[in-house]
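Letter by letter, the chains look like this.
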Amino acid sequence: MKYLYSLLLLGGLTTGQALAQKAAPVGLQLYSFRDAFAKDVPGTMAKVRQMGFREIETAGTYGLSLSAYRQLLDQNGLKAISTGADFEDLATNMPKVIAEAKAVGAKYVVCTWIPHYGDRFTPFDAEKAVDVFNTAGIILAENGLTFCYHTHGYEFQTYKDGTFFDYMADNLNPKFVNFEMDVFWVKEPGYDPVALLQKYPKRFLLMHLKDRKPGTPDSNTGHADVESNVILGQGDVGIAAIMKQARKLGVKHFFIEDESSRALQQVPASVAYLESLR
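Residues numbered from 1 in each chain as written. Predicted model: local features only at pLDDT ≥ 70, side-chain atom pairs only at ≥ 80, totals over all residues. Heavy atoms only, no water.

Student: Could you give an account of the pattern of salt bridges, naming the residues involved and the relevant values?
Tutor: Inspection of every chain in the model, using the stated rule, returns 12 salt bridges. Among the ionic pairs, Asp236 bridges to Arg212, the shortest N-O distance being 3.0 Å. In this pair, Asp236 sits in the loop between β11 (229–230) and α12 (239–249) while Arg212 sits in strand β10 (residues 211–212), placing the two residues 24 residues apart along the sequence. It is possible to trace a salt-bridge network through shared partners that takes in Asp182, Lys210, Glu257 and Glu259. (Salt bridge = Lys/Arg side-chain N within 4 Å of Asp/Glu carboxyl O. Helix = DSSP H or I, 4+ residues; strand = E, 2+ residues; numbered from the N terminus.)

What follows is the structure in structure tokens.
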């Protein structure tokens, strides 16, 4: 490997460019670098590529038009696998959702938050989400897109004989609506991501990889200290076991998401850890 790097460097590539020749084993949720993007969009996008990423999830366009944003992705050889959609847009403005997804070239549309009052998730919130998501999922499928809901912790509050997540999984039509598992937001409310994958083996199409500092208290509110995000493999989420199970069950795409202030430093180390699991 050192010999290969030497050849690349002799060929005129920088160390960063040489390292970037090997693609990262997973994608990146660009929200991880939100602070850097706020200061320098082109430069940060180039860093994403340099770190080896080829697949990304969008997190806004940082003030760029959709066409300019797509051009920047293309220039850096980055493929937008999925893009976010606001719950209210899914309920009332599907043309906007579809247009934005197609503009960046995404296949998946992901909703990351269901509006609810305070920290308590209610049956009304869950029922409304099921109605909105089932309808949106059909419309998106008719337009060649796939809809997923991203778990965020509060769905694991107790409901009936299980959780609100169980209710949603049972009532969302799997033909049109599935899930993106954020492993942190399954662990944070006290649940086991591997067990959840096994319980719903065909429902998780996408996955956010995020680890949690040992000793962090559990919470099912959907809120946590972002500084509890640590390098993958150094936390208590159990990334190695999750990856083994997720690959076995056919999760389609994985994305590192690091919300800490140290993301630029931690993400390359997380990539290296995932490489070690291959």
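Student: Got a sec to walk through the packing of aromatic side chains? Specific residues and values, please.
Tutor: As enumerated under the stated definition, the model contains 17 aromatic pairs in all. Centre to centre, the rings of Phe121 and Tyr154 are 4.9 Å apart; their planes meet at 40°, and the pair counts as tilted. Separated by 33 residues along the polypeptide, Phe121 in the loop between β4 (108–111) and α8 (123–142) and Tyr154 in the loop between β5 (146–150) and β6 (158–159) bring together distant segments of the chain. An identical accessibility class is assigned to Phe121 and Tyr154; each is buried. Taking 5.2 Å as the distance between ring centres and 90° as the angle between the ring planes, the aromatic pair formed by Phe121 and Phe164 counts as edge-to-face. Here the residue Phe121 occupies a position in the loop between β4 and α8, and Phe164 occupies one in helix α9 (residues 164–171), the gap between them amounting to 43 residues. There is no split in this pair, since Phe121 and Phe164 are both buried. Its guanidinium or amino end placed over the ring of Tyr31, Arg34 lies 4.3 Å from that ring's centre, counting from NZ or CZ. (Phe/Tyr/Trp six-rings, centres within 6.5 Å; stacked < 30°, edge-to-face > 60°. Buried < 20%, exposed > 50% of the residue type's maximum accessible area, 1.4 Å probe, protein only. Lys NZ or Arg CZ within 6 Å of the ring centre and 35° of its normal.)

Student: Which residues make up the packing of helix α5 (residues 66–75) against helix α7 (residues 94–104), and what are the values?
Tutor: Orientation of α5 relative to α7, taken along the N-to-C sense of each, is 30°, at an axis distance of 8 Å. Between α5 and α7, the crossing angle belongs to the class labelled roughly parallel. Between α5, through Leu66, Tyr69, Arg70 and Leu73, and α7, the contact on the second element is made entirely by Glu100, Lys102, Ala103 and Val104. (Axes fitted to C-alpha atoms, helices over the stretch in contact; angles between N-to-C directions. Parallel < 35°, antiparallel > 145°, perpendicular 65-115°, else oblique. Contact = heavy atoms within 4.5 Å.)

Student: Give me the pairing of strand β12 (residues 253–256): which residues, what numbers.
Tutor: Covered by surrounding structure in β12 are His253 and Phe255 together with Phe254 and Ile256, the residues of both alternating faces. Inspection of the sheet shows strand β1 (residues 27–29) paired to β12 by 2 bridges, in the parallel sense. Paired with Leu28 across the bridge in β12 is Ile256. Note: strand β9 (residues 204–209) against β12, 4 bridges, orientation parallel. What sits directly across from His208, in β12, is Phe255. (Pairing = 2+ DSSP bridges.)

Student: Let's hear about the sheet that holds strand β2 (residues 55–57): which residues, and what values?
Tutor: Sheet strands line up and pair through hydrogen bonds in the backbone, either parallel or antiparallel. Taken together, the 8 strands give a closed barrel; going around it, the order is β1-β2-β3-β4-β5-β8-β9-β12, and neighbouring strands pair in parallel fashion. On average, each strand axis in the sheet is tilted by 30° relative to the strand beside it, whichever way the strands run. Strands β4, β5 and β8 (177–182) of the sheet are contacted by α8, whose axis makes an angle of about 145° with β5.

Student: Please provide a residue-by-residue account of the nonpolar core, values included.
Tutor: Counting 75 residues, the largest nonpolar core has Val48, Leu90, Ile114, Phe133, Met168, Met207 and Ile256 as its most contacted members. Top contributing element to this core by residue count: α8, with 7 residues. In contact with Ile114, not counting residues within four places along its chain, are Phe87, Phe121, Asp125, Ala129, Phe133, Tyr149, Tyr154 and Met168. The next biggest cluster of nonpolar side chains, apart from the first, holds 7 residues, and it includes Ile81, Tyr108, Val110 and Phe255. (Core = buried A, V, L, I, M, F, W, Y, C linked by side-chain atoms within 4.5 Å.)

Student: For the packing of helix α4 (residues 41–50) against α5, give the residues involved together with the corresponding values.
Tutor: One can describe the packing of α4 onto α5 by two numbers: an axis separation of 10 Å at closest approach and a directional angle of 35°. As for the relative orientation of α4 and α5, their crossing is right-handed in sense. Touching Val41, Pro42 and Met45 of α4 are Tyr69, Leu72 and Leu73, all from α5. In terms of residue class, the contact of α4 with α5 is built from 6 nonpolar, no polar and no charged. (Left-handed = near helix turned anticlockwise from the far one by under 90°. Nonpolar A, V, L, I, M, F, W, Y, C, P; charged D, E, K, R; others polar.)

Student: I'd love a proper account of α12, names of residues and values included.
Tutor: Inspection of α12 places Ile239, Ile242, Met243, Gln245 and Ala246 among the buried residues, and these make up the whole buried set. Those residues of α12 that are buried lie in contact with α11 (193–199), β9, β10, β12 and α13 (263–276). Following α12 by one or two positions, Gly250 has its phi on the positive side, about 85°.

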